[in-house]
Amino acid sequence: MTTAIDLDKLDLAALLCSRVCHDVISPVGAIVNGLEVLEDEDDPSMKQFALELIAKSARQASARLQFCRLAFGAAGSAGAQIDTGDAENVARGFIQDDRTSLDWQVPRALLPKNRVKLLLNLLLVAGATIPRGGRIHVAGSDDGFRLRTEGSHARIPAHLPTLLAGQVPEDGQVDAHAIQPHYTGLLAREVGVAITFAMDGEAVLIEAVAA
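Basis of the calculations
- Residues numbered from 1 in each chain as written.
- Predicted model: local features only at pLDDT ≥ 70, side-chain atom pairs only at ≥ 80, totals over all residues.
- Heavy atoms only, no water.
- 1 Å grid on protein atoms, 1.4 Å probe; cavity = no way out; pocket = protein on both sides within 12 Å on 5 of 7 lines; lining within 4 Å.
- Points joined across faces, edges and corners; volume = space filled by probe spheres on them.
- Helix = DSSP H or I, 4+ residues; strand = E, 2+ residues; numbered from the N terminus.
- Nonpolar A, V, L, I, M, F, W, Y, C, P; charged D, E, K, R; others polar.
- Buried < 20%, exposed > 50% of the residue type's maximum accessible area, 1.4 Å probe, protein only.
- Contact = heavy atoms within 4.5 Å.
- Polar contact = N/O pair within 3.5 Å; in protein donor to acceptor, adjacent residues only side chain to side chain.
- Salt bridge = Lys/Arg side-chain N within 4 Å of Asp/Glu carboxyl O.
- Lys, Arg positive; Asp, Glu negative; His and termini not counted.
- Expected span 1.5 Å × (residues − 1).
- Core = buried A, V, L, I, M, F, W, Y, C linked by side-chain atoms within 4.5 Å.
- Pairing = 2+ DSSP bridges.

**Q** Hey, could you go over the layout of surface pockets for me, with residue numbers and the actual values?
**A** Rolling a probe over the atoms, with the probe sized like a water molecule, indicates the empty space that remains. As a volume, the largest pocket reaches approximately 940 Å³. If you go around the largest pocket, you meet 33 residues; those closest to its centre are Arg64, Phe94, Asp97, Arg99 and Leu124. Elements represented by at least two residues in the lining of the largest pocket include exactly α1 (9-40), α2 (44-72), α3 (84-95), α4 (113-127), α5 (159-164) and α6 (179-191). No other element matches α2, which puts five residues into the lining of the largest pocket. Looking at the lining of the largest pocket residue by residue, the classes come out as 14 nonpolar, 10 polar and nine charged.

Laid out in structure tokens, this is it:
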């Protein structure tokens, strides 16, 4: 028997904040480490390494904060619209790295902010299906979004459909890791779409289309 997730607004806000902090703490910590190397080292090669680490980590921290601002933040007043071109820019900065690439095929348009927030959160859900990296294809149309992930050991984690449906997973945990797919499900229901998963050979298909 499944149990619906029952979080009050304060718990939801706290868990989302924890998720954002989790996303940015790693590059911020790397910046601190780089600054410590600059203070303690006299070796020019080590100083150069530290400067490169600081620069790379600062870019990562900025990209993650910009992504989180659109994916989780208010991003304008009630009823505001967001340019999907802006969403693409922050998505590429956040997702695209040595392990994962993004094929973005969403037409540029102004969409209601919760629809864009759903799209960005779907990219995070898609990333969870390729734990070793790979490629995320995302397309958009009038009825919703379709994503396809390809990569080594691509699979549908058992907890994802449950959390997206607003149900407590088998382990009973709704923590900072679980809150993001739960939040994605909340967004989907808010904009009137249903999210489904399917395996297509070794690829994962995710559809979020009008219910």
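**Q** Outline the environment of arginine 135, supporting the account with residue identities and numerical values.
**A** Take arginine 135: it is sitting in strand β4 (residues 134-141). Taking the relative accessible area as the measure of exposure, arginine 135 reaches 33% and is therefore partly exposed. Non-local contacts of arginine 135, meaning those with residues more than four positions away in its chain, are made with Ser101, Asp103, Ile130, Arg148, Thr149 and Glu150. Side-chain polar atoms of arginine 135 contact the side chain of serine 101, separated by 2.8 Å.

**Q** Outline unusual backbone geometry, supporting the account with residue identities and numerical values.
**A** Positive phi outside glycine occurs at histidine 153, with the angle close to 60°. Along the polypeptide, histidine 153 turns up in the loop between β5 (144-150) and α5.

**Q** Any chance you could break down the pattern of salt bridges for me, citing the residues and the numbers?
**A** It is possible for side chains bearing opposite charge to pair when their charged atoms get close. Using the criterion set out here, one finds seven salt bridges in the structure. Here arginine 146 and glutamate 207 are joined by a salt bridge, their closest N and O atoms 3.3 Å apart. Residue arginine 146 is located in strand β5, and its partner glutamate 207 is located in strand β7 (residues 203-210); the two are separated by 61 residues in the primary sequence. Under the relative-accessibility criterion, arginine 146 is labelled partly exposed at 32%. Residue aspartate 200 is joined to arginine 148 by a salt bridge in which the shortest nitrogen-to-oxygen separation is 2.6 Å. One end of the pair, aspartate 200, is in strand β6 (residues 193-200); the other, arginine 148, is in strand β5, and 52 residues separate them in sequence. For arginine 148, a relative accessible area of 28% translates into the label partly exposed. If you follow the salt bridges from partner to partner, you end up with Asp143, Arg146 and Glu207 in one network.

**Q** Can you explain the side chain of arginine 115? Please cite residues and give values.
**A** By the element assignment, arginine 115 lies in helix α4. Buried charge arginine 115 goes without a salt bridge, the closest partner of opposite sign being aspartate 143 at 6.3 Å. Within polar-contact distance, the side chain of arginine 115 engages the backbone oxygen of aspartate 142 at 3.4 Å.

**Q** Got a sec to walk through α6? Specific residues and values, please.
**A** Between its terminal C-alpha atoms α6 stretches 18 Å, which fits the 18 Å expected from 13 residues at 1.5 Å a residue. Taken together, the buried positions of α6 are Ile179, Gln180, Pro181, His182, Tyr183, Thr184, Gly185, Leu187 and Ala188. Summarising the contacts, the buried residues of α6 are in contact with α1, α2, α4, α5 and β6. A positive backbone phi angle near 80° is found at glycine 192, which sits one or two residues after α6.

**Q** Talk me through the nonpolar core; I want residue IDs and the actual numbers.
**A** Membership of the largest hydrophobic core comes to 43 residues, with the highest contact counts inside it found for Trp104, Leu120, Leu123 and Leu147. It is α4 that provides the largest number of residues to this core, a total of nine residues. Sequence-distant contacts of leucine 120, defined by excluding residues within four places in its chain, comprise Phe67, Leu70, Ala71, Ala87, Val90 and Ala91.

**Q** Outline the pairing of β5, supporting the account with residue identities and numerical values.
**A** With seven bridges connecting them, β4 and β5 associate as antiparallel partners. Its bridge partner being in β5, isoleucine 136 is matched across the sheet by threonine 149. Hairpin connection of β4 to β5: two residues between the antiparallel strands. In terms of strand pairing, β5 meets β7 through six bridges, oriented antiparallel. Bridged to threonine 149 within β7 is valine 204.

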